[in-house]
Amino acid sequence: ETAGFLYSAMLTTDNQVPLHGLGPRTRLGGLDRGALGAADVAAQSVSAMAPCGAAAASPILIAAHGGPVVASTAIAFALALIVAWLVRGFARRVPAAGSLYTYAAVGVGPVAGFVTAGALLLGYLGIGMVAVTASSAFALRLASSVGLTAHGWLVAVGALGFAVASGVVLVRGIRLSARVALVIETIAVGLVVVVAGWLLLHGDVRRLHDSVLAPIPDLGHLAGGVAVAMAAFAGFETATVLSVETRAPLRTVPAAIRGSLLLAGPVVMLATLAQAGTPSQTPTDSWFGALAAEPGGRILVPALYLATTLSSFACALAFTTAAARVLLSLAREGVLPAALGHTDLRSKAPTVGIWVCTATVFGVPFAMSACGADPAAACGSLMAGAVCGYLLAYAAVAGAMPAMLRRLGEPSRVAWVIGPACALVLTAMVAEFWGLTITGPFWIGAVAATAWMLLWAAAGWRLRSSRPDAFASIGAHAGTVRSEVWRGYLRGSS
């Protein structure tokens, strides 16, 4: 493991130093280094994917974009596995809190890294907002299912309480938030498997067969459906933001990426197949309606609403965690204000970044609700913007993988084929999805995503013109420090 750190430090950082010149800390110092184990890191990725929430919302959103539900989900899962293979190649070599944007910067350069950072923040914060909106909607349905009436002021107080609870859990340290997410998602995944199994046993076999073999309308709608379905798997890579805080990160983080996707992916596919046998895929008649229509399934409805609410809340926690560490990395590089790189001395958490991300993830859905926006329309628009963001980030990393291997002296013919091909497919999907969305009911999300990326590009151009040294520093990651190297070797090399 130490050899891996040395290899990464010598070949992929801009500030190369001899071994006898190693410092006591890196530019990412202040985080709780080596505090997390394999289960904690895997919980981050599983929580970000939120199998329970994805299982409930993904088929409905895919159908709303005109894509075949089962085929879109299956293709998206296959694409996610390819992207995960590429991301794991970076995670084995570069421990970083900046996640995909650091990988793009290491592979291609600071310009690609900066653009990827903007896309990544758009995706992380956007999906976090979707999770908060979904959590509020399912909480209201839970209250209604047990005979309670939720008044407007009660909803506002509940949303504020969720925001405060989220911030408090996150600023107390990464170990607490990881354990909370692990417990929530374990319960939620178990309930999803039970409900999906029940629906498969009591569903319509003919309708399930027709859904699986449904004809593909056209490539445009298929691309749109796959793009939305990718949202069900987005977040598997968020384990990378905890690389600095993980024990043996060059081994643990790649394993967490693979394991979380192989766990959550089949759960989402199982739930998709279970819902394919229900009467329809509309917001008013999803698998909740199918359960309520059967005497034996009615008892599961409140439990499923509770699990979906908690799973969506854990998803919001996971993406807030990821976005806060991306902000910290950018701040430590001098790209964003230094305050965003502050870490608490006791909890070692990036408190300023956490509160900024919490205010954004919870504040925007709250403002939209206060303005009278329909929750389904809000989710669709927020999801549209997030899809554009994380697909662009995935495409950048796929394109950067061969360049990074060449820079490290590890040329791979497989990477040179799969990386660019995956990047082209994802870029085409973004373009097709954006074109379909801009003319549909969720056009606000596409416009907002475009505006954000243009503003981010303008900010990058200004930064590069005024402070080229700060722009060139993009791509910082955790190198080797003195405490990780055998002291006798250091004395002998001095």
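Novice: Explain the overall build of the chain here, please?
Specialist: A count of helical and extended segments in the chain gives 19 helices and 0 strands. Counting the 494 residues in the chain, one finds 55% classified as buried. Accessible surface computed for the chain: about 19,800 Å², of which carbon and sulfur atoms make up 68%.

Novice: Looking at this model, I keep getting lost on the packing of helix α3 (residues 51-64) against helix α10 (residues 219-229). Mind explaining?
Specialist: Working note: a packed helix pair is described by the angle between its axes plus the distance between those axes. The N-to-C vectors of α3 and α10 enclose an angle of 160°; their axes lie 9 Å apart at closest approach. Classified by the interaxial angle, the pair formed by α3 and α10 is roughly antiparallel. Between α3 and α10 the crossing geometry is right-handed. Taking contact as the criterion, the partners of Ser58, Leu61 and Ile62 in α3 are, on α10, Gly225, Val228 and Ala229. A per-class count over the contact of α3 with α10 returns 4 nonpolar, 2 polar and no charged.

Novice: Explanation requested: empty space enclosed by the protein in the structure shown.
Specialist: Here the idea is plain: a probe the size of a water molecule rolls over the atoms and shows the empty space left. Tallied over the entire structure, the rule returns 2 cavities of 30 Å³ or more. By volume, the largest cavity amounts to about 70 Å³. In terms of lining residues, the largest cavity is bounded by Asp40, Ala43, Gln44, Ser47, Ile174, Ser177, Ala178, Ala181, Ala314, Leu317, Ala318 and Thr321. When the residues that make up the lining of the largest cavity are grouped by side-chain class, the tally is 7 nonpolar, 4 polar and 1 charged.

Novice: Honestly, the packing of aromatic side chains in this entry has me stumped. Any pointers?
Specialist: Each aromatic ring pair is described using two quantities: the centre-to-centre distance and the angle formed by the ring planes. For the coordinates displayed, the defined rule picks out 8 aromatic pairs. Seen in terms of ring centroids, Phe114 and Phe471 are 5.6 Å apart; in terms of plane orientation they differ by 40°. Their pairing is tilted. Here Phe471 lies in helix α18 (residues 468-472) and Phe114 lies in helix α6 (residues 110-145), a separation of 357 residues in the sequence. Like Phe114, the residue Phe471 is buried in the burial classification. Relative to Tyr394, the ring of Phe236 has its centre 5.7 Å away and its plane inclined at 35°; by these criteria the two rings are tilted. Of this pair, Phe236 sits in the loop between α10 and α11 (249-276) while Tyr394 sits in helix α15 (residues 375-407), and the two are 158 residues apart along the sequence. Pair check on accessibility: Phe236 and Tyr394 agree, each one buried.

Novice: I tried to follow the pattern of salt bridges on my own but got confused; where do I start?
Specialist: One side chain can pair with another of opposite charge once the charged atoms of both are near each other. Tallied over the entire structure, the rule returns 1 salt bridge. With a shortest N-O distance of 2.8 Å, Glu245 and Arg325 are connected by a salt bridge. Here Glu245, found in the loop between α10 and α11, pairs with Arg325, found in helix α13 (residues 300-332); they are 80 residues apart in sequence, far enough to count as distant. On the accessibility criterion, Arg325 (2% relative accessible area) is buried.

Novice: Quick question: what am I supposed to make of the environment of Thr351 here?
Specialist: Relative to the helices and strands, Thr351 is located in helix α14 (residues 351-370). For Thr351, a relative accessible area of 14% puts it in the buried group. Distance in space between the C-alpha atoms of Thr351 and Val168 is 9.7 Å, their sequence separation being 183 residues. If we ignore the near neighbours within four places in the chain, the residues touching Thr351 are Val171, His342 and Asp344.

Novice: Looking at this model, I keep getting lost on the nonpolar core. Mind explaining?
Specialist: The nonpolar side chains of a soluble globular protein tend to be buried with one another. In this structure, Met230, Phe236, Tyr390, Leu391, Tyr394 and Leu426 are the most contacted members of the largest nonpolar core, which totals 118 residues. Ranked by the residues each element gives to this core, the list is headed by α15, at 18 residues. Not counting residues up to four positions away in its chain, the partners in contact with Tyr394 are Val83, Leu100, Met230, Ala234, Gly235, Phe236, Glu237 and Leu426. Grouped together as the second largest cluster of nonpolar side chains are 15 residues, Ala188, Val192, Ala274 and Leu304 included.

Novice: Looking at this structure, how should I read unusual backbone geometry?
Specialist: Here the phi dihedral of Ala248 falls at roughly 50°; this positive angle occurs in a residue that is not glycine. You can see Ala248 is positioned in the loop between α10 and α11.

Novice: Looking at this model, I keep getting lost on the environment of Leu191. Mind explaining?
Specialist: Assignment of secondary structure puts Leu191 in helix α8 (residues 174-202). The spatial distance from the C-alpha of Leu191 to the C-alpha of Ala303 is 7.9 Å, given a sequence separation of 112 residues. If near-sequence neighbours (up to four positions away) are discounted, Leu191 is found in contact with Ala303 and Ala307.

Novice: What exactly am I supposed to notice about the side chain of Ser260 here?
Specialist: For Ser260, the position within the fold is in helix α11. When its relative accessible area of 1% is taken as the criterion, Ser260 is described as buried. One polar contact links the side chain of Ser260 to the main-chain carbonyl oxygen of Ala256, over a distance of 2.8 Å. Once residues lying within four places of it in the same chain are set aside, the contact partners of Ser260 are Ala42, Ser45, Val46, Met49, Phe236 and Gly265.

Novice: I'm lost on the packing of α10 against helix α16 (residues 413-438) in this one. Help?
Specialist: Look at α10 against α16: their axes get within 8 Å of each other, and the N-to-C directions meet at 100°. Taken together, α10 and α16 sit at an angle that is classed as roughly perpendicular. In this structure, α10 contributes Gly220, His221, Ala223, Gly224, Val226, Ala227 and Val228 to the contact, and α16 contributes Met429, Glu432, Phe433 and Leu436. Within the contact of α10 with α16, the residues separate by chemical class into 7 nonpolar, 3 polar and 1 charged.

Novice: Could you clarify how one ought to interpret α10 in this entry?
Specialist: Burial of α10 is extensive: 9 of the 11 residues sit out of reach of the surface. Within the span of α10, buried status applies to Gly220, Leu222, Ala223, Gly224, Gly225, Val226, Ala227, Val228 and Ala229.

Novice: How should I be thinking about the confidence of the model for the chain in this particular structure?
Specialist: Where the model shows low pLDDT, its predicted coordinates should not be examined in detail. Per-residue pLDDT for the chain averages 78, and the proportion of residues at 70 or more is 80%. Across residues 1-25 the pLDDT falls below 50, and counting only partners more than four positions away or on other chains, this stretch makes 54 contacts in the model. Scored below 50 in pLDDT, residues 280-285 shows 11 contacts in the model against residues more than four places distant or in partner chains.

Calculation notes
- Residues numbered from 1 in each chain as written.
- Predicted model: local features only at pLDDT ≥ 70, side-chain atom pairs only at ≥ 80, totals over all residues.
- Heavy atoms only, no water.
- Helix = DSSP H or I, 4+ residues; strand = E, 2+ residues; numbered from the N terminus.
- Buried < 20%, exposed > 50% of the residue type's maximum accessible area, 1.4 Å probe, protein only.
- Areas by Shrake-Rupley, 256 points an atom, 1.4 Å probe, with all protein chains shown as cover.
- Axes fitted to C-alpha atoms, helices over the stretch in contact; angles between N-to-C directions.
- Parallel < 35°, antiparallel > 145°, perpendicular 65-115°, else oblique.
- Left-handed = near helix turned anticlockwise from the far one by under 90°.
- Contact = heavy atoms within 4.5 Å.
- Nonpolar A, V, L, I, M, F, W, Y, C, P; charged D, E, K, R; others polar.
- 1 Å grid on protein atoms, 1.4 Å probe; cavity = no way out; pocket = protein on both sides within 12 Å on 5 of 7 lines; lining within 4 Å.
- Points joined across faces, edges and corners; volume = space filled by probe spheres on them.
- Phe/Tyr/Trp six-rings, centres within 6.5 Å; stacked < 30°, edge-to-face > 60°.
- Salt bridge = Lys/Arg side-chain N within 4 Å of Asp/Glu carboxyl O.
- Core = buried A, V, L, I, M, F, W, Y, C linked by side-chain atoms within 4.5 Å.
- Polar contact = N/O pair within 3.5 Å; in protein donor to acceptor, adjacent residues only side chain to side chain.
- pLDDT = per-residue confidence, 0-100.

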